[in-house]
Amino acid sequence: MRSLFRRIKHTADRTGDPDHILIRHAGEDYRVTVKRRAGARRITLRVSGATGEAILTLPERTPFARARQFAEAHGGWLATRLERVPERVPLLPGALVPLRGEPHRIVHLAGQRSPAAAGRDGDGAAIISVGGEAVHVPRRLRDFLVREAERDLRAAVERHTSALGRKASAVTIRDTTSRWGSCSAAGRLNFSWRLILAPPFVLDYLAAHEVAHLKEMNHSVRFWRLTKALCPRTDEAEAWLKRHGTGLHRYG
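Remember, predicted model here, so these are calculated numbers, not experimental data.

Asks: Would you take a moment to explain the pattern of salt bridges for this structure?
Replies: If charged atoms from side chains of opposite charge come close, those side chains can pair. Here the structure, examined in full by the defined rule, presents 17 salt bridges. In this structure, the salt-bridge partner of D143 is R139, at a minimum N-O distance of 3.5 Å. Here R139 and D143 lie together in helix α4 (residues 137-164), a separation of 4 residues that amounts to about one turn. Residues joined by salt bridges that share partners form a network here, namely R100, E148, R151 and D152.

See below:
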């Protein structure tokens, strides 16, 4: 009877969970998303460097009250981590957005229907001009960046697959938050469009990394030897991503 009571109690806890809670610290309220995971073994609290979202994860059978108490006890840590999340940069006229590692100012060409394009202004400063209605600037700019990313990544993949003697079955561009690229067992390569914001050698490294998985579906010594043969700047690119990668998610 006692174990049955516990199962009923835990089931009630699961179905009654809120999707978020507010944790108060030093007079400020911080929104925390609540998630249950069947495979979780302990309560965890983390802040996504990519999205700035605070997430409280708890095992399937852990009482919600205990998880909330855990989060409240770490209010100071939560506040500190959230303060470190880079400020978001909306894709609006006047904002500076990196393109291939170089800051570009967004310029709206009001009254013109010209497509988004990278160039230079009269003073030689790098700009991305976007025509059309002002309300559509963010979408048109994002579409432009995705197209540029796809063009550069497809060219890099083609170069590395030719050197390797293997072919990718497909190349797709997404907006991922947990990884910059991936390679499926079927040879499908996926990349984040945000790589177009980084210096070209970083994008080239990610293309080489995933292409190397077409031959070595692991991270063994042989894999890294192959990756570095395809991209000699592998170590430099890895270091750049560790220092600056999270910041690429602040745009848009």
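Next, the rest of the story.
Asks: What should I look at first to understand helix α3 (residues 75-84) in this one?
Replies: Residue pairs three or four apart in sequence face the same way in an α-helix, which turns once every 3.6 residues. Within the sequence span of α3, burial applies to G75, L78 and A79. Here the buried residues of α3 occupy an arc of 100° about the axis, which is enough to place them on one side. Of the surrounding secondary structure, the elements contacted by the buried residues of α3 are β1 (20-25), β2 (28-37), β3 (44-47), β4 (54-59) and α2 (64-73).

Asks: Looking at this structure, I do not really get the environment of L197. What am I missing?
Replies: Take L197: it is sitting in the loop between β11 (188-192) and α5 (200-212). L197 gets classed as buried once you look at its relative accessible area, which sits at 1%. Apart from residues no more than four positions distant in its own chain, L197 is found in contact with V97, P98, L99, R100, G101, L145, L248 and Y251.

Asks: Where do I start with the pairing of strand β7 (residues 117-120) in this structure?
Replies: The side chains of a regular strand alternate between the sheet's two faces. Bridge count between β7 and strand β8 (residues 126-131): 4 bridges; the pairing is antiparallel. Bridge pairing links G119 to I127 in β8. Between β7 and β8, which follow one another and run antiparallel, lie 5 residues, and G124 among them has a positive phi close to 85°.

Asks: Just to check I follow, could you spell out the sheet that holds β3 for this structure?
Replies: Strand pairing in a sheet takes place through backbone hydrogen bonds and is either antiparallel or parallel in direction. Read across the sheet, 4 strands follow the order β1-β2-β4-β3 without closing on themselves; strand pairing throughout is mixed. The open sheet is flanked by β1 and β3, the only strands paired with a single partner. Across the sheet, the mean angle from the axis of one strand to that of its neighbour is 30°, orientation sign disregarded. With 4 bridges connecting them, β3 and β4 associate as antiparallel partners. Across the sheet, residue R46 finds its bridge partner in β4, namely I55. Its contacts with the sheet place α3 against β1, β2, β3 and β4, and it is angled at close to 20° to β3.

Asks: Whenever I open this one, the layout of surface pockets confuses me. Can you help?
Replies: One way to see where empty space is left: roll a probe the size of a water molecule over the atoms. Quantified by volume, the largest pocket comes out at close to 240 Å³. The wall of the largest pocket is formed by 15 residues, among which G181, L206, H209, E210 and H219 lie closest to the centre. Among the secondary structure elements, those contributing two or more residues to the lining of the largest pocket are β10 (181-183), α5 and α7 (234-244). Among the elements that make up the lining of the largest pocket, the one with the highest residue count is α5 (4 residues).

About the cut-offs
- Residues numbered from 1 in each chain as written.
- Predicted model: local features only at pLDDT ≥ 70, side-chain atom pairs only at ≥ 80, totals over all residues.
- Heavy atoms only, no water.
- Salt bridge = Lys/Arg side-chain N within 4 Å of Asp/Glu carboxyl O.
- Helix = DSSP H or I, 4+ residues; strand = E, 2+ residues; numbered from the N terminus.
- Buried < 20%, exposed > 50% of the residue type's maximum accessible area, 1.4 Å probe, protein only.
- Arc of directions from axis to C-beta.
- Contact = heavy atoms within 4.5 Å.
- Pairing = 2+ DSSP bridges.
- Axes fitted to C-alpha atoms, helices over the stretch in contact; angles between N-to-C directions.
- 1 Å grid on protein atoms, 1.4 Å probe; cavity = no way out; pocket = protein on both sides within 12 Å on 5 of 7 lines; lining within 4 Å.
- Points joined across faces, edges and corners; volume = space filled by probe spheres on them.

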